[in-house]
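Residue-level structural notes
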Amino acid sequence: PPRTYDSFKHKAYRSYDSDTLKYTVETFLLSKVRCYLTKIWVQDPARQIRKATADWEKNLQKPKKMAEQIPEAALVINGSGYWSPQYPDVPEPYLGNVEDYYYTPWGSLTVTDGTVYRNLELLPYSGLTLEADGLHMYAGEENEAVLARNPSQTWSFYEQCPMIRQGEVLTPGDWTFAGRNARRTVIARMDRNNYLILTVTNKGGAGLSLYRVNEFFLEQFDAEWVYNLDGGPSSALLCRKKGKKTLVAAWKAGQKIVDIMAFTELLEENN
């Protein structure tokens, strides 16, 4: 029989409990590599999952710096992959020059706080959106159909980054990127209100392949979907204790990045 997550030797690292936001962060070893598993419940995901970004086409920023835009953030992770002089690998179907995409996130569609910053209509969208009923994953959907759902935010990485949907593995079996052992930030949706984040470090090894991460989620959880956000030195996990103002890094990003995903309480003035 498959192992249950409870059969792993794990320990509590941080927890947060309020009427509108609850999360637990636990640490455990997966194939001898140190990982963090964060279990999150939000009352109203459309208002409690937030995005902050670096300056479009201008720069990158550290996650903690971007989190200053969302002072009520209780939990923060890194988000989209991005292009820069250090990571200039823009696929051929993208129009224009490589430099046109520097300091912007991957993906044919970019929406931040309801504003569309990029819409390459001829390229299908693969990535995450935040909609009225929470986070959604798209794997090659037409941009027009995605925009018709009025997403307030998007996060995106490689088009192959949708990993699992309803128990079906979507990760290409011959993808070199997926087969490497690396630091990872992987998010899964259990239902409208509940999400999981697996943060894979390089303690105990170089990290894990996406294939090993897929095995973990298939064995342990019945997730609606699983998606690979940016990883490697971009991977970050920041937590704040209830009643405290400072975010503390459970896992600190090794470089500046393009955007973050934050989880907050539901503010009273928004009720």
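Residues numbered from 1 in each chain as written. Predicted model: local features only at pLDDT ≥ 70, side-chain atom pairs only at ≥ 80, totals over all residues. Heavy atoms only, no water.

A few points about the overall build of the chain
- In terms of regular secondary structure, the chain is built from 5 helices and 20 strands.
- For the chain, the C-alpha radius of gyration of 17 Å lies close to 18 Å, the compact-globule estimate for 271 residues.
- The principal-axis extent of the C-alpha atoms belonging to the chain is close to 50 × 50 × 30 Å.
- Counting all 271 residues of the chain, 54% fall into the buried class.
- Pairs at least 24 residues apart make up 66% of the contacts formed inside the chain by residues separated by at least 6 positions.
- Accessible surface for the chain amounts to roughly 12,400 Å². Of this, 47% is attributable to carbon and sulfur atoms.
- Averaging the coordinates of the 32 positive side-chain charges in the chain and doing the same for the 33 negative ones gives two points 12 Å apart. (Helix = DSSP H or I, 4+ residues; strand = E, 2+ residues; numbered from the N terminus. Rg over C-alpha atoms; globule rule 2.2 N^0.38 Å. Buried < 20%, exposed > 50% of the residue type's maximum accessible area, 1.4 Å probe, protein only. Contact = heavy atoms within 4.5 Å. Areas by Shrake-Rupley, 256 points an atom, 1.4 Å probe, with all protein chains shown as cover. Lys, Arg positive; Asp, Glu negative; His and termini not counted. Charge placed at Lys NZ, Arg CZ, Asp CG, Glu CD.)

Some details on the sheet that holds strand β18 (residues 237–239)
- Strand order in the open sheet made by the 5 strands is β4-β20-β5-β18-β19, with antiparallel pairing throughout. With one partner strand each, in any of the chains shown, β4 (49–53) and β19 (248–251) form the two edges of the open sheet. Across the sheet, the mean angle from the axis of one strand to that of its neighbour is 25 degrees, orientation sign disregarded.
- Relative to β18, strand β5 (residues 73–78) is paired through 3 bridges, and the arrangement is antiparallel. Bridge pairing in β18 links L75 to C239. (Pairing = 2+ DSSP bridges. Axes fitted to C-alpha atoms, helices over the stretch in contact; angles between N-to-C directions.)

Looking at the pattern of salt bridges
- Taken as a whole and assessed by the stated rule, the structure comprises 7 salt bridges.
- We note a salt bridge from R50 to E72, for which the minimum N-O separation is 2.7 Å. Of this pair, R50 sits in strand β4 while E72 is found in the loop between α2 (63–67) and β5, placing the two residues 22 residues apart along the sequence.
- The exposure class of E72 is buried, given its relative accessible area of 18%. (Salt bridge = Lys/Arg side-chain N within 4 Å of Asp/Glu carboxyl O.)

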